[in-house]
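Structural overview
Each chain, written out:
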Amino acid sequence: MDNRENILGGRKIILGITGSISAYKAAILLRLLTKSGAEVQVIMTDAAKEFVGPLTLATLSNKPVLHSMVHDQQWSQHVQLGLWADLLIIAPASAHTLAKLANGLADNLLCAVYLSAKCPVMLAPAMDVDMWHHPSTQNNIQTLESYGNIIVPVEEGPLASGLEGKGRLAEPENIFAAVQQFFDPDQAFLKKKVLITAGPSYEAIDPVRFIGNHSSGKMGIRLAEQAAQLGAEVQLILGPSSEVISSHPNLHIHRICSAEEMFEEVNKHSTQTDIFILAAAVADFKPESVASQKLKKEQKDILELKLIPTTDIAKFLGEQKRPDQFICGFALETENIIENAKSKLNKKNMDMIVINSPNDELSAFGFDTNKISILDNSGKLVSFELQTKKEAATSILKAIITSIRT
């Protein structure tokens, strides 16, 4: 059992259920919440009662299910309910209910409680694929996010209509994990928008040859996987890599080849990003011109390449960085390791830099392990023994959390 379950002990949670074929999953979520020690009050819409029985939910919650503004000839105090709860979860949240919430309508008890709630709100949408992709639904989602609501990502798969695609209600276990992350004080990445660069860049010489390096992308990929698990919305900008990546609804992968392509993709997301982790081994130089045809060895005894600088992504981000943004860079050094890393940290206006070296056995490019040190802009240096890259990713993310909070 997840050790974080005791985090929910004594928490007061309202579980709102709306009209959706996936409403049966709310009973599973309710069981997970109550089993973890949470006190749960269920509120249903009239449409939800067509899909799941109030008696089942009342039995699981050990509380009467509320569904109308009047209960047992008494007015249901939606204001009191909104003040009582530590968290309001609406799962499933139908397209119809999302539209109401986005526009401030209060024609049922659940919507009235939402408008009265002083606690955070978590919404788990569920609908058919075309409804999910409709601009009005996406506009409503963006509006609700702008209000500070937490959106649990829809999942992809077979739908009740017989179609397949995005729109499925997140599995109860995934919604439960999101609730745990919300209440876990160590989950500082929850809702954060994180951009991670990983892997090498390939700079073309001709249609066949390129300038590159031995980076596998493993370190950046492990960071992206771990950040997504911690609740961050992760954009992974990945150079050429054959590494297997674990799927996660919060992890979005953008494949690139050259340094310029990586810069363009980073720039596209830069203003919306809270935390940058620049783990990619980006080429510093590229050929000034690229041959249109494969260069033949017999044509020249000596091949001379004129190299020009690539766009310095870290420098660009450092110059554009807002006070609410955080940049963690990487420095792969072979000599004067700490001095060179400190110079890079300062010149590029980074908040933190991760240092490693191919001089260390089983470290850096290509290995599943890494030996890192972390230097922040206060001058604090922390060094670690050899770890797996997954463990190193956890160490780096913890260091970022600590730095942001201090």
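Use the structure listed above.
Everything numeric here is computed off the predicted structure, so don't read it as measured data.

In this section: the environment of A314. Residue placement: A314 occurs in helix α11 (residues 313-320). With 31 residues separating them in the primary sequence, A314 and L345 have C-alpha atoms 9.6 Å apart. Contacts of A314, omitting those with residues within four sequence positions, involve L278, K348 and M350.

The next thing to look at is the sheet that holds strand β7 (residues 150-151). Strand order in the open sheet formed by five strands is β2-β1-β5-β6-β7, and the pairing between neighbours is parallel. The sheet terminates laterally at β2 (39-44) and β7, the two strands that pair on one side only.

Taken as a whole and assessed by the stated rule, the structure comprises two aromatic pairs. Here Y202 and F210 contribute two aromatic rings whose centre-to-centre distance is 3.9 Å and whose plane-to-plane angle is 15°, an arrangement assigned as stacked. A relative accessible area of 24% means that Y202 is categorised as partly exposed. A relative accessible area of 42% places F210 in the partly exposed class. Ring centres of F263 and F316 lie 5.0 Å apart, and the angle between their planes is 85°; on these two criteria the pair is classed as edge-to-face.

Counted by the stated rule, this structure contains 14 salt bridges. Across the pair E265 and K268 runs a salt bridge, and its minimum N-O distance is 3.5 Å. Highlighted residues: E265 and K268, both in helix α10 (residues 259-269), separated by three residues, approximately one helical turn. A relative accessible area of 53% means that K268 is categorised as exposed. Between K306 and E288 there is a salt bridge, and its shortest N-O distance comes to 3.8 Å. Of the two residues, K306 sits in the loop between β16 (285-287) and β17 (307-309) while E288 sits in the loop between β16 and β17, which places them 18 residues apart along the sequence.

With six of seven residues buried, strand β18 (residues 326-332) lies mostly within the body of the structure. As defined by bridge partners, strand β15 (residues 275-278) adjoins β18 across four bridges and the pair is classed as parallel. Residue pairing in the sheet places I275 in a bridge with F326 of β18. Here five bridges tie β18 to strand β19 (residues 352-356), and the two strands are oriented parallel to one another. Of the residues in β19, the one forming a bridge with L332 is N356. Between β18 and its parallel partner β19, the chain crosses via helix α12 (residues 337-347), and the hand of that crossover is right-handed.

Scoring rules and cut-offs
Position numbers for residues start from 1 in each chain and track the written sequence from start to end. Confidence filtering applies because this is a predicted model: local features only for residues at pLDDT of at least 70, side-chain atom pairs given and counted only at 80 or more, and all residues used for totals across whole chains, interfaces and linings. Hydrogens and water molecules were not included; the side-chain quantities draw on all heavy atoms of the structure. Numbering goes from the N terminus for both helices and strands, where a helix is a DSSP run of H or I of at least four residues and a strand is a run of E of at least two. Here a residue-residue contact requires only that any non-hydrogen atoms of the pair lie within 4.5 Å. By the convention used here, strands pair only if DSSP detects at least 2 bridges between them. Think of it this way: a Phe, Tyr or Trp ring, Trp meaning its six-membered ring, pairs with another when their centres are within 6.5 Å, and the plane angle makes it stacked under 30 degrees, edge-to-face over 60, tilted otherwise. The buried label goes to any residue with under 20% of its type's maximum accessible area, the exposed label to any with over 50%, and the partly exposed label to all in between, with areas taken from a 1.4 Å probe on protein chains only. By convention in these notes, a salt bridge is any Lys or Arg side-chain nitrogen within 4 Å of a carboxyl oxygen on Asp or Glu. Place the viewer so that the strands point away; then a crossover is right-handed whenever the path from the first strand over the helix to the second strand goes clockwise.

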